[in-house]
Amino acid sequence: MTQPKRGYAICTTPRSGSNYLCELLESTGTLGNPIEYFSPAALRVRGLPEFSGDREARLRQALCLGATSNGIYGLKLFVDHFDDMARTHWISKLPALSFVYLTREDVLGQAISAARADQTRRYRSTQPAAGPSVYDARAIRSNLNYLVTADARWRAFFARNGLAPLLLTYERVADDPLSAITAIAARLDPDGKIEIDRTKVSLKIQRDAATLAWRERFVREHGDPGYLDRPRPPSPFWTPLRSAIKGVVMGRCGKR
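Residues numbered from 1 in each chain as written. Predicted model: local features only at pLDDT ≥ 70, side-chain atom pairs only at ≥ 80, totals over all residues. Heavy atoms only, no water.

*Asks:* Which parts of the structure should I look at to understand the nonpolar core?
*Replies:* Soluble globular proteins tend to pack their nonpolar side chains together in the buried interior. One finds Ala9, Phe38, Leu77, Trp90, Leu94 and Trp154 to be the most contacted residues of the largest nonpolar core, which totals 25 residues. Of all the elements in the fold, those that place two or more residues in this core are β1 (6–11), α3 (55–65), β2 (72–77), α4 (79–85), β3 (97–103) and α7 (137–160). In terms of residue count, α7 provides more of this core than any other element does, four residues in total. If sequence neighbours within four positions are ignored, Phe38 has contacts with Arg58, Leu59, Ala62, Leu75, Leu77, His81, Asp84, Met85 and Trp90. Listed in part, the 24 residues of the second largest apolar core include Tyr8, Ala180, Ile181 and Ile184. (Core = buried A, V, L, I, M, F, W, Y, C linked by side-chain atoms within 4.5 Å. Buried < 20%, exposed > 50% of the residue type's maximum accessible area, 1.4 Å probe, protein only. Helix = DSSP H or I, 4+ residues; strand = E, 2+ residues; numbered from the N terminus. Contact = heavy atoms within 4.5 Å.)

And the structure:
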């Protein structure tokens, strides 16, 4: 068994290109084998033991299977996985842990991709679609709200803990994969030259004409430059302010 020495956690949100980034990293043979070790559903798809009710076992599996022979390990997680594993104090149990924060500049495109994937059950280009996707504005809006909230939670986590993660974007990884991989490697100091083995990278971009059509329709029907989206749930600033305003109004006008 490889003894893990140092590694990284890719902190991200769905449809950010994280599966592609993980394939690139794994293809090098020296930068760990990052997957969603904290997600029983993801492990089931990969044919790995789920340990659904045993979170400590999931953590052990991440260190065991997530490491390459040089002792570098990797894993990927969403905010939901973090919430599920919080009580294990997993960060303190992973040696020399670095953080990679993967985002996507085109958040609407990300929300549309998530809505379509939820319908087709096709989360990777190598998976067959379970059925067609049908335009659903409500699903797009729901995913949009979830994604911006999840991103805000990651940013708050890094800020509150004084962490400076390596920032990568979907667009950078897609445009210059080697640059993204090299940036991660620079934090891990692996031996030898870092090279991507393209024969081990199978994922392709799933964006197509339907994606563009959904975008145009959603912006046409739901775009409103006069409205600033409100955070859900209400921000800490707005809640006491709203209560104060209500108190003033009730004090002046009395109860009806």
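*Asks:* Even after reading the chapter, I still don't get the sheet that holds β3, so can you show me in this structure?
*Replies:* Consider a sheet: its strands pair through backbone hydrogen bonds, and that pairing is either parallel or antiparallel. Reading across the sheet, the four strands line up as β2-β1-β3-β4 and stay open at both edges, with parallel pairing between neighbours. Looking at which strands have only one partner, the edges of the open sheet turn out to be β2 and β4 (166–169). On average, each strand axis in the sheet is inclined to that of its neighbour by 25°, with strand direction left out of account. Taken together, the six bridges between β1 and β2 define a ladder with parallel strand orientation. (Pairing = 2+ DSSP bridges. Axes fitted to C-alpha atoms, helices over the stretch in contact; angles between N-to-C directions.)

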